[in-house]
Amino acid sequence: MEKDQLIAEMKKIVGEENVLHSKEALYAYSYDATPGHIYMPDVVVSPGNVQEVSAIMKFANEHKIPVYPRGSGTNLSAGTAPLKGGIVLLMLRFNKILDLDLENLIAEVEVGVVVQDINDYVAPHGLIYPPDPGTVKTASLGGTICENSGGLRGLKYGITKNYVQGLEVVLANGDIIHTGGKNVKDVSGYDMTKLFTGSEGTLGIITKAYLKLVPKPEAQASMIAVFNTLEDAGNAVSDIIAAKIIPATMEILDNSSIRTVEDFMHVGLPTDAAAILLLEVDGHPVIVADEKEKVLEVLKKNNAAEVTLAKSPEHKEQLWTARRMALPCLAKLRPTTFVEDATVPRSKLTQFLKIVTKAAKDYNVTIGTFGHAGDGNMHPTIVCDLRDKEEMERVHKAMDVIFRGAVELGGTLSGEHGIGLGKLPWMELQHGKEGMNAMKAIKRALDPNLILNPGKLIGEC
Ligand SMILES: Cc1cc2nc3c(=O)[nH]c(=O)nc-3n(C[C@H](O)[C@H](O)[C@H](O)COP(=O)(O)OP(=O)(O)OC[C@H]3O[C@@H](n4cnc5c(N)ncnc54)[C@H](O)[C@@H]3O)c2cc1C
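Just so you know, these numbers come straight off a predicted model, no measurement behind them.

Enquirer: Which residues make up the sheet that holds strand E10 (residues 205-212), and what values do they have?
Expert: Spatially, E5-E6-E10-E8-E9 is the arrangement adopted by the 5 strands of the open sheet, whose pairing is antiparallel. The strands lining the two open edges of the sheet, one partner per strand, are strand E5 (97-101) and strand E9 (176-180). With strand direction ignored, the average angle separating the axes of adjacent strands in the sheet is 10 degrees. Sitting on the sheet, helix H3 (residues 50-63) touches strand E8 (164-170), E9 and E10, and the angle it makes with E8 is about 50 degrees.

Below, the structure written as structure tokens:
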């Protein structure tokens, strides 16, 4: 179809003011937070209600035009990159919290709402919506549902899929369906809610969600522990869980990340430490006091060189600086930053960190690793220069070793950032041919013309 005709049809559906097609606008939506993936779309369309989404999908399906749903564009797997041209479907006009049901502890929320805004809305009622990716203040609910995002509280509270109870979805042919809802228990039919959660925009356009909320914990205790060997840090992580304590947060930074943060921030981090762990236990004050003591015991037993307890919320923020600043500080080192998120069973954490350290050394690339130690979800962060072909070859070799290493340890390519385009080469390694075929069959059944975010997550069908 001619581009002008496509633009005219989109304007008929959503109104002229909700269609962008200038060269500058198209360029602005040609990429997301992932480096190295720039593809020009033909048009950017912002629908304002589910009927408009349905009309767009019917038209796109009939004319076999690719559609790329997009929230805030903060994903790290090129999930919104318009690989084959077509329509970028910007969902940010879906910006309302429709209902807060305090009897059922359920919020009904449109997908363009920013995740932090959900928390701010429910906080006066003593509630939280736990999924908290680093981008909690910018990411849209729809993006976090489609990436099945996690965050710092994943260990105790779980990830997005644990809080999405129902969805409104527009299918590739324009049909509008509803999955799940307010029922805590619901085994009527396939679990379509879970299928769409984490589907990276390849199976349908999500327009609203029913979200489970939980009571805000009454008390917290936070601390930072310094270790001189990776083994001690890794063993401390396993031993805390083995002691039947599930901290809300258990984060790790390796030496390379510690040094980089200290170079930029000068906050007094121990630059010769092999690793630091940041921990928080939360819940009823009596349980928190008990768990804090047990955690301190485990840290001591595993040779923590130093442990500092947060004396106030402000002090906690200060201690947490290292974790919050790890990525921004690493990103300052070089022009290009790849944040990976290979994940292993937590008992294999030390082995995995050693694989990453060796890959960095063998291929002479700079990798800082930090992440959600309690979930075994690491973020090996490779800083480099995309323009340097020779360096990029070494970067890709290091990535190959890291992803293969994770899968060989019984891990996964992605704990929370999704597959998108970047990790496609390793998908068959993790899922096998048969596993990939099953996923492709689901895609073909729901999107026979392959118009929804084509080429992503499972590759070509
Ligand atoms: C600095 C930084 C830190 C981060 N930290 C974390 C972290 O701690 N944990 C974590 O899990 N992630 C993290 N991320 C990744 C990212 O923020 C999350 O994946 C986020 O959930 C994406 O939300 P978004 O609105 O930006 O989605 P987008 O990037 O716009 O889209 C993400 C995917 O969802 C699809 N999509 C979006 N909206 C819809 C919809 N309505 N219907 C169907 N498909 C849709 C898109 O096609 C795309 O495939 C981080 C990213 C950055 C840059």
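Now that the structure is up, let's keep going.
Enquirer: Can you tell me about a nonpolar patch on the surface, naming the residues and giving the values?
Expert: Taken together, Tyr27, Tyr31, Ile38 and Met40 make up a surface patch of nonpolar side chains, about 380 Å² in accessible area. Checked against the element boundaries, Ile38 lands in the loop between helix H2 (23-28) and strand E2 (43-45). Taking the relative accessible area as the measure of exposure, Ile38 reaches 48% and is therefore partly exposed.

Enquirer: Please give an account of the packing of aromatic side chains that cites residues and values.
Expert: The final tally for this structure, using the stated rule, is 3 aromatic pairs. On the numbers, 5.9 Å between centres and 55 degrees between planes, the contact of Tyr27 with Tyr31 is tilted. Relative accessible area serves as the criterion here: at 44%, Tyr27 is assigned to the partly exposed category. Assessed through its relative accessible area of 34%, Tyr31 is described here as partly exposed. Ring centres 4.6 Å apart and planes at 50 degrees place the aromatic pair Phe403 and Trp426 in the tilted group. In this pair, Phe403 sits in helix H13 (residues 389-408) while Trp426 sits in the loop between H13 and helix H14 (427-446), placing the two residues 23 residues apart along the sequence. Of the two residues examined, Phe403 and Trp426, each falls in the buried class. Here Lys212 stacks its cationic end above the ring of Tyr163, 5.5 Å away from the centre of that ring. It is Lys316 that lies over the ring of Trp320; its NZ or CZ is 5.6 Å from the centre.

Enquirer: So what's going on with the sheet that holds strand E1 (residues 19-20)? Residues and values would help.
Expert: Within the open sheet, the 4 strands sit side by side as E1-E2-E4-E3. Their pairing is mixed. Edge positions in the sheet fall to E1 and strand E3 (67-70), since each of these pairs with one other strand and no more. With 3 bridges connecting them, E2 and strand E4 (residues 87-90) associate as parallel partners. By the bridge assignment for E4, Val45 is matched with Leu89. Together, E1, E2 and E4 form the strand contacts of helix H1 (residues 3-14), whose direction differs from that of E2 by roughly 10 degrees.

Enquirer: Go over the packing of helix H8 (residues 230-242) against helix H10 (residues 285-301) with me, naming the residues and quoting the values.
Expert: At a closest axis distance of 9 Å, the pairing of H8 and H10 adopts a crossing angle of 145 degrees. In the crossing of H8 with H10, the sense of the turn from one axis to the other is right-handed. In this structure, H8 uses Ala236, Asp239 and Ile240 to contact H10, whose residues at the interface are Val295, Val298, Leu299 and Lys301. Tallied by class, the residues present in the contact of H8 with H10 amount to 5 nonpolar, no polar and 2 charged.

Enquirer: I'd love a proper account of the environment of Tyr121, names of residues and values included.
Expert: Tracing the chain through its elements places Tyr121 in helix H4 (residues 115-122). Separated by 175 residues in the primary sequence, Tyr121 and Leu296 place their C-alpha atoms 35 Å from one another.

Enquirer: Give me the lowdown on the nonpolar core, citing residues and values where you can.
Expert: Membership of the largest hydrophobic core comes to 55 residues, with the highest contact counts inside it found for Leu277, Leu299 and Phe352. At 8 residues, H13 tops the list of elements feeding residues into this core. Not counting residues within four places of it along the chain, the set of residues in contact with Leu299 comprises Met223, Ala225, Phe227, Ala236, Ile240, Leu277, Leu279, Ala304 and Val307. Judged by nonpolar contacts, the second largest core, of 53 residues, contains Val113, Phe196, Ile205 and Val214.

Enquirer: Hey, could you go over the pattern of salt bridges for me, with residue numbers and the actual values?
Expert: Applying the stated criterion across every chain yields a total of 23 salt bridges. Between Lys96 and Glu110 there is a salt bridge, with its nearest N and O atoms 3.9 Å apart. One end of the pair, Lys96, is in the loop between E4 and E5; the other, Glu110, is in strand E6 (residues 106-110), with 14 residues separating them in the sequence. Judged by relative accessible area, Lys96 falls into the partly exposed class, the value being 45%.

Enquirer: Which residues make up the site of the ligand, and what values do they have?
Expert: Among the 33 residues in the neighbourhood of the ligand, the closest are listed as Pro69, Gly71, Thr74, Thr135 and Ser140. The contact in question runs from an oxygen atom of the ligand to an N or O atom on the backbone of Pro69, over 2.6 Å. With respect to the ligand, the backbone of Gly134 contributes an N or O atom lying 2.9 Å from an oxygen atom. Compared with its free state, where it exposes 990 Å², the ligand has 92% of that area covered by protein.

Thresholds, definitions, all that
Residues numbered from 1 in each chain as written. Predicted model: local features only at pLDDT ≥ 70, side-chain atom pairs only at ≥ 80, totals over all residues. Heavy atoms only, no water. Pairing = 2+ DSSP bridges. Helix = DSSP H or I, 4+ residues; strand = E, 2+ residues; numbered from the N terminus. Axes fitted to C-alpha atoms, helices over the stretch in contact; angles between N-to-C directions. Contact = heavy atoms within 4.5 Å. Patch = residues over 30% accessible without salt bridge, like charges linked within 9 Å, V, L, I, M, F, W, Y side chains within 5 Å. Areas by Shrake-Rupley, 256 points an atom, 1.4 Å probe, with all protein chains shown as cover. Salt bridge = Lys/Arg side-chain N within 4 Å of Asp/Glu carboxyl O. Buried < 20%, exposed > 50% of the residue type's maximum accessible area, 1.4 Å probe, protein only. Phe/Tyr/Trp six-rings, centres within 6.5 Å; stacked < 30°, edge-to-face > 60°. Lys NZ or Arg CZ within 6 Å of the ring centre and 35° of its normal. Left-handed = near helix turned anticlockwise from the far one by under 90°. Nonpolar A, V, L, I, M, F, W, Y, C, P; charged D, E, K, R; others polar. Core = buried A, V, L, I, M, F, W, Y, C linked by side-chain atoms within 4.5 Å. Near = heavy atom within 4 Å. Polar contact = N/O pair within 3.5 Å; in protein donor to acceptor, adjacent residues only side chain to side chain.

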